[in-house]
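So the chains spell out like this:
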Amino acid sequence: MQVIQHPVERLHTALLSIRKDLIKTFQKFSRAEKILLENGLLPGNSLFSPITIHSDSDWIPAHPEDPQDFQSFYINPYRRSPNRGHNTIYIQTIGSFGEGAVVAEQYVEWLKDYCQAFFYGLVVKLLPPVTVASTACSFRVNNNTHNLQLHAGELLNFLKQRKPSDAFCIVGITMIDLYPKESWNFVFGQASLTKGMGVFSFARYDDHFYERSYTGRLKKKIELKQGDYSVFENYYTPPITSILLLRSCKTLTHEIGHIFGMEHCQWLNCVMQGSNHLQESDRRTLVLCPICLRKLQSAIGFKIADRYKALVHWIEDGADSNGQHSKPTQAFQEYKDWFYKCLRILESETS
Ligand SMILES: [Zn+2]
Ligand SMILES: [Zn+2]
C-alpha cells in the first residue's frame, strides 16, 4: 500500500491559491472555518487522512492526470455554477427501484434529501418516475454478465428533453446496468458537463452482482426485440440495504460534483476521488476534503456548519423510528461522529 502524502505547503497552496484576490476571499471564512480547513491539511490530523493506493488498478496509477487545485477549478471558464434562475438539481428515476413500491419511493426520497443536504442551499427535486419503455432507449444483454443493459447516450438524449428551465442540472438514476456503445462491456455512468446532465446506474453496487447466482442474470438465452420492453417488467432490482444507500449517496454526490466542475481529487481522502472498482469506491470517504469543500462552497455559498448540520440531521432523521421502512443508516454511523467532531471545532471558536 502506498500513501500519497503531499507536503503541507503544497496542500495549503492548493486550498488558498496563489492569486491575491482568491487568498483574500479565503479570509472571508470565519475563524473557526479556517481552522477546520487549514488544520485538515496537517499530517496526522484526526479528520482528513491521506489517499492510499492499494494496487496498480486503482484510479490514480491507472489515470495519471494533473491534480485540480482550488484556483484551477475557480478559473475554469467552462465550469457551470448554479445561479438565481438555475438553482435546482432534478433527479429522474428510470425503471423500477427496489422490491415493493413503498421502499423504492422512500429510497429515492432519501437520496434526494441527502443531495439536498450535501449541496446545501440548492433545491433538489424528483421528477415523476419513468419506465424504461418511455425512454425508448436501446438495450441489450451483456455477453459476460448476462444482465440487461440500457444505452447510456440515448438516456442522456431523453433527459435533455425532460430538463426543466430552472434546472442547474438533471441526473438520471437507474438500477439497470448501462453501456456506452456496443464494443464496451459496461459503464457506471455518463455525463455531459457542459449541458448539466448525467445518467448513473447503481446496478453494480449490488453485493451479488459479480456472482454466478446473481438474480439479475437472465437464466436462458432470450431473443430481444428492440422496442419490446416487456423484458423489463418484473426484472430484478437490488434489495435496498444500508450499504447500497451509502454507495448510491457517494456516487450521486460525486457525479453531481463533476457537473459543478470538480475534477477527481488527488489531495486527500475525499468523495471526489476517482474510483476504478467497487473496493476503491468503498474505501473512498463520504465527505469532501478541505480543498474540494472550498470549491463547492465557492459555487454555492453556504456556511460550513449549516451544511454539516443538515448532513447529520439526514443521518439521524428517521433512523430510529419504528416505522416499517426506517432509513437504513447503519453504514453512515461513523460519519455521524465525524460531522459532530467538525461541528465541535466550528462552534467552539467565535468568528
Ligand atoms: Zn468521477
Ligand atoms: Zn477532495
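Residues numbered from 1 in each chain as written. Chains lettered and ligands numbered in written order. Predicted model: local features only at pLDDT ≥ 70, side-chain atom pairs only at ≥ 80, totals over all residues. Heavy atoms only, no water.

(A) Molecular detail of the overall build of the protein. Helix and strand counts for the protein stand at 13 helices and ten strands. For 351 residues, the compact-globule formula gives about 20 Å, and the C-alpha radius of gyration of the protein, at 21 Å, lands near that figure. Overall, the C-alpha framework of the protein stretches about 65 × 45 × 45 Å when taken along its three principal axes. The burial tally for the protein puts 53% of its 351 residues in the buried class. For the protein, the proportion of contacts with a sequence separation of at least 24, taken over those separated by at least 6, is 74%. Working note: accessible area of the protein is about 16400 Å², and carbon and sulfur atoms make up 50% of it. (Helix = DSSP H or I, 4+ residues; strand = E, 2+ residues; numbered from the N terminus. Rg over C-alpha atoms; globule rule 2.2 N^0.38 Å. Buried < 20%, exposed > 50% of the residue type's maximum accessible area, 1.4 Å probe, protein only. Contact = heavy atoms within 4.5 Å. Areas by Shrake-Rupley, 256 points an atom, 1.4 Å probe, with all protein chains shown as cover.)

(B) Inspection of the environment of Asp166 at higher detail. Here Asp166 lies in the loop between α8 (152–162) and β7 (167–174). The exposure class of Asp166 is partly exposed, given its relative accessible area of 24%. Separated by 56 residues in the primary sequence, Asp166 and Trp110 place their C-alpha atoms 22 Å from one another. When near neighbours in sequence (up to four residues on either side) are disregarded, Asp166 contacts Gly85, His86, Asn87, Thr88, Tyr90 and Lys125.

(C) Geometry of the coordination of the zinc ion (ligand 2). Bound to the zinc ion (ligand 2) are the protein donor atoms Cys265 (SG), Cys270 (SG), Cys289 (SG) and Cys292 (SG), situated 2.3 to 2.4 Å from the metal. Relative to the metal, the four donor atoms surrounding the zinc ion (ligand 2) lie at angles of 103 to 116 degrees, and the coordination shape comes out tetrahedral. If you list the donors of the zinc ion (ligand 2) from N- to C-terminus, the spacing comes out as C-x4-C-x18-C-x2-C. Residue Cys265 is located in the loop between α9 (242–259) and α10 (278–283), and its partner Cys289 is located in the loop between α10 and α11 (290–300); the two are separated by 24 residues in the primary sequence. Accessibility classification places Cys265 together with Cys289 in one group, the buried group. (Donors = N, O, S within 2.8 Å, 3.2 Å for Na, K, Ca; no water. Tetrahedral: all angles 85-135°; square planar, octahedral: opposite > 155°, others 65-115°.)

(D) Region of the structure containing the pattern of salt bridges. Counted under the stated rule, the structure contains nine salt bridges. Measuring nitrogen to oxygen at the nearest pair gives 2.7 Å for the salt bridge that ties Asp177 to Arg204. With Asp177 in strand β8 (residues 177–179) and Arg204 in the loop between β10 (197–201) and α9, the pair connects residues that are 27 residues apart, well separated along the chain. For the residue pair Asp177 and Arg204, the accessibility class agrees, reading buried in each case. (Salt bridge = Lys/Arg side-chain N within 4 Å of Asp/Glu carboxyl O.)

(E) Looking closely at the coordination of the zinc ion (ligand 1). At this site the zinc ion (ligand 1) is bound by His254 (NE2), His258 (NE2) and His264 (NE2), with donor distances of 2.0 to 2.1 Å. The sequence pattern describing where the donors of the zinc ion (ligand 1) fall on their chain is H-x3-H-x5-H. Of the two residues, His254 and His258 are both situated in helix α9; the distance of four residues between them amounts to about one turn of the helix. Judged by its relative accessible area of 4%, His254 falls in the buried class.

(F) A look at the pairing of strand β3 (residues 88–94). Among the seven residues of β3, seven are classified as buried, and the element is accordingly described as predominantly covered. The pairing of β3 with strand β4 (residues 123–130) spans six bridges and is parallel. By the bridge assignment for β4, Ile94 is matched with Val130. Relative to β7, β3 runs parallel, the two being bridged by seven bridges. Among the inter-strand pairings, Thr93 is bridged to a residue of β7, identified as Ile173. (Pairing = 2+ DSSP bridges.)

(G) Looking closely at the domain arrangement of the protein. Parsing the protein into structural domains produces domain 1 (2–78 + 265–348) and domain 2 (88–249). Using C-alpha coordinates to define each centre, domain 1 is positioned 26 Å away from domain 2. Roughly 2100 Å² of surface becomes buried between domain 1 and domain 2 when both sides are summed, with 74% attributable to carbon and sulfur atoms. Among the ionic pairs, Asp282 bridges to Arg247, the shortest N-O distance being 2.8 Å. Taken together, the links from domain 1 to domain 2 amount to six residue pairs in polar contact (both at pLDDT 80 or more). Its residues assigned to classes, the side of domain 1 that touches domain 2 comprises 14 nonpolar, four polar and four charged. (Domains from an automatic or database assignment. Buried area = accessible area lost by both parts, 1.4 Å probe. Polar contact = N/O pair within 3.5 Å; in protein donor to acceptor, adjacent residues only side chain to side chain. Nonpolar A, V, L, I, M, F, W, Y, C, P; charged D, E, K, R; others polar.)

(H) Spatial organisation of the packing of aromatic side chains. The tally for this structure, following the rule as stated, stands at 24 aromatic pairs. Here Tyr114 and Phe118 contribute two aromatic rings whose centre-to-centre distance is 6.2 Å and whose plane-to-plane angle is 40 degrees, an arrangement assigned as tilted. With Tyr114 and Phe118 both in helix α6 (residues 101–118), this residue pair falls four residues apart, about one helical turn. The class of Tyr114 is buried, set by a relative accessible area of 2%. Judged by its relative accessible area of 1%, Phe118 falls in the buried class. Residues Trp314 and Phe332 carry aromatic rings whose centres are separated by 4.9 Å and whose planes lie at 65 degrees to one another, so their mutual orientation is edge-to-face. Here Phe332 lies in the loop between α12 (304–316) and α13 (333–348) and Trp314 lies in helix α12, a separation of 18 residues in the sequence. Both residues of the pair, Trp314 and Phe332, count as buried. Connected via pairs of aromatic rings, a cluster forms that spans Tyr114, Phe118, Phe119, Phe168, Phe260, Trp314 and Phe332. A cation sits over an aromatic face here: Arg307 above Phe118, 4.5 Å from the ring centre. The ring of Trp314 carries the charged tip of Lys327 above its face, separated from the ring centre by 4.2 Å. (Phe/Tyr/Trp six-rings, centres within 6.5 Å; stacked < 30°, edge-to-face > 60°. Lys NZ or Arg CZ within 6 Å of the ring centre and 35° of its normal.)

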